[in-house]
Every structure is written in structure tokens, then in C-alpha cells.
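# Breakdown of the fold
Below, each chain spelled out in residue letters.
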Amino acid sequence: MSASRLVSLSRKIIKPSSPTPLSHRIHKLSLMDQMGTHSYMAALLFYPKQNTTTSMPEPTKISRVLEKSLSKVLTSYYPFAGQVRDNSFVECNDIGADLSIVRIDCPMSSIFDHPRTYIDNLVLPFDPWFPSTDSLVAAKLGHFECGGVALGVCLSHKVSDGCSLGKFLRDWSMVARDSEAKLSPLFIGSSIFKPSNSSSFQVVADPPLYKNESKRFHFSASKLKSLKSLTDSTTQIRPTTVEAITAFLYRCVNTTPSLLIQAVDQRGTSNDGLVPADSTGNAILPFVVSATNKEEMNWERLVSELRKGKEKIQDMLKYIESEEFLCSKVSDIARELNERTSNNDIPMYRFSSLRRFPSNDMNFGWGRPRQVDISTLPINMFILMDNQNGDGVEVIVSLEDGELSALERNDEFLQFASPCLGF
């Protein structure tokens, strides 16, 4: 899109509506936060005018609602309005969040005829991997000529994973609808995963970056049932939806030797006593599955390795003997990941599930979003999200153009997945 069709209307720093108490001015990063990269998580929310059951407010009112509610939600999410210091803590100094407002002189529907990287540049406040701000939160509101709006939000990976980003957006929208809404984010990561003060502690190295494209694919509920039946017939393990799709996609990429890197969210039932479901921050640990030849790409092995990798991490957390033990084990995970991914000649494919991402709860007062997206990533990445209409799972695939084109021509892949085309 030419610059003349994207008109900047304003850019503001939104500070918390109430100052952070002195007792909360230092927020220690957890061990998981310290492991995080310096990139940002980025989400794109689309609200076409014709999609709303209630009338779309005037642009000036939408802007006021977002400004006021962002200011209020930052009071509860006070670390997000601060600055990271020395990979050790957040100085909760209320510098605030960036909010820019633009006018986009075209219909919303027309942008989906373009590559997703084009849409990212249009909707997001900046490139999530090359941030142009010191703020931990940045948002961009785009008003389309058709009356629809898009909201692009970037949140630093140093203080958030995908789950926390979803909760922040849900709570922001809740406050927009009800200024008296009670929020209860739990910033307790550093009390669960004690931060390391050791100079020898291993952090996960930033991965090599590529000029990737991304597309979104749909696995309907009926296709998922067929896929899981296929895996059931060839393995002794009944795979979860995430295991079945992950193993299937890795097979379809069909590159050997290569590495599969799976992110595991530690929140939830198995570790709820240790990591509460409402814990805010980073609660993700990765593990690696390798495939050195075609034989190692078989269903039984991949599903088995995915299950073993997840259980190994969960068992490690279940039997924590001391803070030093946990720090040592997490450092070992980071060291192993760095060693196994240090050879840039071996392709790496990362997988993450955001199936609990609360897309349908992100109603700021003008209806739920028609579509919620995650930005294109400059790494080989597969992100799983629930279909917003409840029909199966959608996967956002970021790959180099040649690999993405090959995947789209893969007959086995197309047997179960179909492309998502715009709105």
C-alpha cells in the first residue's frame, strides 16, 4: 500500500490510570522470562463493520474507548507499563504503552488479497522482531474506509508468552465494556521459577531469521477425527489433537535431517498446583525431536517422541527438589537447545499451541473480532489455534516461500487441511 493511503492520525503514550505503588516498582523476571527472546508477541484483530450485532461507534469514540481502557488495564498489568533492566527485573516506572491511530483508505476486505506480510506491515505498530520502541506494549488502531477497524498489538516476549498476550487482550476488552471490571492477573512467575543470578545461566539464543511468508490452514473437526484415527491405527498411543497435527505437519514438510522444537505451556491441570492457569508472564519450556532420516519420520516414532518430550518436562517440574535444582535443569534445557540448534545448516521447525487463546472474548464493545491472527514469523513456525466457530483447528504456517509452496502442493497435506481465504 502506498504511503498516501495510510494516514497517521495520532500517536500517544498511554500511562496507567493510577500510579504503581512504590512497593510494586520492582518486578523480578522469572527464570522463564530470562530465557525469553527479545522479540515481541504480535496479534492482529479484525472487526469489520458489517460483522457487528451492535452498531459500530464513530471512529473518535472507538479511539477514546481504547485509550481510556488501555490506561485502566495497565494499572492491573503494571509490569507491562515498565522497562526491562539487565534481563533481571522490570522497573515498573509507568512509562506506559504506545498507541498509534491511523486511517487506512481502502476497504478492509481488500487487504486480504495481499500477502500476510503486507497485512502485518499495515496493521501492526512495528516489526515484532525489530521493535522501534522501549515500551513493552505497543498498539495500533486502524480505521478502514468501510467503517471496520483493525487492532494490532505487540507485547514483549520478555514479560509475556502467547497465553499471557491472550489474557491481556481479553482483560483490556473487558475493561473497555465495563470500566469497573475486576481483573486478577497473577504476576507470580519469579516466586515459582526463581530467577537466576548466575553468569553461567544459559539463555536460549535468538534463532536465525528468514524472509518468510505465512498462510493459514483449516483442519475441520471431521478431518481431525480422520487424522487422529489414522494415527490411532499406527501407534500404541492415542494422540492428542496437538500431537496428531504436529506429527502430521512435520511429516508433510518431510525434511531430513531436521529438528522439531515443541513449546509446552506449563499452565493447566497437570501442573496447576505449581503454575496456576492465570499466571501471567512466560510459562513455556521447549523440547527437541530430531529426524535424521526418512524412517524416523514415521507416525509411531514422532507421536511417541512428542509424548515423551512433554512428559519429561512435566515430570521435571513435578519433582522439584530445590530452586538450584530447577535452575540447573532449565539451564540444561537451554544449553541442549542451543547446542542442537547451533548448526544453521540443519532446518528447524517450531511448533506452538495457542488453542486456549480467547479470541471470541476480545469484544471491546463493538462485537467479537471476525478474525484474530498472529503475525508472520521470520522463523519456521507452526501455530495452532482453535477455529473461532468451533469447527476444528487452524494452523498459521510461517515458512520460506519455496517450502510454503511445496506444502500447498502436498497431496497428503491437502487431504486433511484447506487454505483459509480472507474473510
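Residues numbered from 1 in each chain as written. Predicted model: local features only at pLDDT ≥ 70, side-chain atom pairs only at ≥ 80, totals over all residues. Heavy atoms only, no water.

Here the focus is the overall build of the chain. Looking only at helices and strands, the chain features 11 helices and 16 strands. For the chain, the C-alpha radius of gyration of 21 Å lies close to 22 Å, the compact-globule estimate for 423 residues. Structurally, the chain occupies a C-alpha span of about 60 × 50 × 35 Å along its principal axes. Long-range contacts, defined as pairs at least 24 residues apart, comprise 79% of the intrachain contacts of the chain with a sequence gap of at least 6. Entry remark: accessible area of the chain is about 18300 Å², with carbon and sulfur atoms responsible for 49%. Averaged over its 46 positive side-chain charges, the chain has a centre that lies 5 Å from the centre of its 48 negative ones. (Helix = DSSP H or I, 4+ residues; strand = E, 2+ residues; numbered from the N terminus. Rg over C-alpha atoms; globule rule 2.2 N^0.38 Å. Contact = heavy atoms within 4.5 Å. Areas by Shrake-Rupley, 256 points an atom, 1.4 Å probe, with all protein chains shown as cover. Lys, Arg positive; Asp, Glu negative; His and termini not counted. Charge placed at Lys NZ, Arg CZ, Asp CG, Glu CD.)

Attention now goes to the sheet that holds strand β1 (residues 6-14). An order of β1-β6-β7-β8-β3-β13 is seen for the 6 strands of this open sheet, with the pairing classed as mixed. If you trace the sheet from one side to the other, it starts and ends with β1 and β13 (371-374), each paired once. With direction set aside, neighbouring strand axes in the sheet form an average angle of 15 degrees. Note that strand β3 (residues 40-47) and β13 share 4 bridges and pair antiparallel. Its bridge partner lying in β13, A43 is registered against I374. Contacting β1, β3, β6 (97-104), β7 (137-144), β8 (149-156) and β13, helix α3 (residues 116-123) crosses the sheet at an angle of about 90 degrees to β3. (Pairing = 2+ DSSP bridges. Axes fitted to C-alpha atoms, helices over the stretch in contact; angles between N-to-C directions.)

We now examine the sheet that holds strand β14 (residues 381-386). The sheet built from 7 strands is open, its strands ordered β11-β10-β12-β14-β15-β9-β16 with mixed pairing. Taken across any chain shown, the strands that pair with only one partner, and hence form the sheet edges, are β11 (284-291) and β16 (418-419). By the bridge criterion, 4 bridges tie strand β10 (residues 258-265) to strand β12 (residues 348-353) in an arrangement that is parallel. Opposite I261, over in β12, you have R350 as the bridge partner. Its contacts with the sheet put α3 on β9 (212-219) and β15 (393-400), and the angle it makes with β9 is roughly 105 degrees.

For the rest of this paragraph, the subject is helix α7 (residues 241-253). Taking 1.5 Å of rise per residue, the 13 residues of α7 would be expected to cover 18 Å, and the 18 Å separating its terminal C-alpha atoms lies within 8% of that figure. Counting buried positions along α7 yields 11 of 13 residues, so the element is predominantly enclosed. Of all the positions in α7, only T241, E243, A244, I245, T246, A247, F248, L249, Y250, C252 and V253 are classed as buried. Residue N254 follows α7 closely and has a positive phi angle near 55 degrees. (Expected span 1.5 Å × (residues − 1). Buried < 20%, exposed > 50% of the residue type's maximum accessible area, 1.4 Å probe, protein only.)

Turning our attention to the packing of aromatic side chains. Applying the stated criterion across every chain yields a total of 21 aromatic pairs. Measuring from ring centre to ring centre gives 5.9 Å for Y77 and F187, while their planes differ by 90 degrees; the resulting arrangement is edge-to-face. Note that Y77 is positioned in the loop between α2 (59-76) and β4 (83-85) and F187 in the loop between α4 (162-177) and α5 (189-192), a separation of 110 residues in sequence. Of the two residues, Y77 and F187, neither departs from the other in class, the shared state being buried. Geometrically, the ring pair formed by F248 and F413 is stacked, given 6.4 Å between the ring centres and 15 degrees between the ring planes. Linking F248 in helix α7 with F413 in helix α11 (residues 411-416), this pair joins segments that are 165 residues apart in sequence. Ring pairing ties together the aromatic residues Y47, Y77, Y78, F80, F168, W172, F187, F364 and W366, which thus form one cluster. (Phe/Tyr/Trp six-rings, centres within 6.5 Å; stacked < 30°, edge-to-face > 60°.)

This paragraph deals with the packing of α7 against helix α8 (residues 299-318). Two elements in contact, α7 and α8, have axes separated by 10 Å at closest approach and are oriented at 130 degrees. With respect to their mutual orientation, α7 and α8 come out oblique. The two elements α7 and α8 meet at a crossing, and its hand is right-handed. Contacts between α7 and α8 pair E243, A244, T246, A247, F248, Y250 and R251 from the former with W299, L302, V303, L306, R307 and K310 from the latter. Residues that form the contact of α7 with α8 fall into these classes: 8 nonpolar, 1 polar and 4 charged. (Parallel < 35°, antiparallel > 145°, perpendicular 65-115°, else oblique. Left-handed = near helix turned anticlockwise from the far one by under 90°. Nonpolar A, V, L, I, M, F, W, Y, C, P; charged D, E, K, R; others polar.)

To continue, consider the environment of V242. Assignment of secondary structure puts V242 in helix α7. For the pair V242 and P16, spaced 226 residues apart in sequence, the C-alpha separation works out to 38 Å. Setting aside anything within four residues of it in sequence, one finds V242 in contact with S353, R355 and L384.

Before going further, it helps to examine the environment of L377. Note that L377 resides in the loop between β13 and β14. Along the sequence, L377 and L209 sit 168 residues apart, while their C-alpha atoms lie 8.6 Å from each other. Every residue in contact with L377, bar those within four places of it in the chain, is listed here: W129, N212, I383 and S398.

This part takes up the pattern of salt bridges. Within this structure, the stated rule accounts for 20 salt bridges. A salt bridge links E91 to R85, with the nearest nitrogen and oxygen atoms 2.9 Å apart. One salt bridge in this structure joins R355 and D386, with 2.8 Å as the shortest N-O distance. On the criterion of sequence distance, the pair formed by R355 in the loop between β12 and β13 and D386 in strand β14 is long-range, its members being 31 residues apart. (Salt bridge = Lys/Arg side-chain N within 4 Å of Asp/Glu carboxyl O.)

Nothing here speaks to function; it is geometry throughout.
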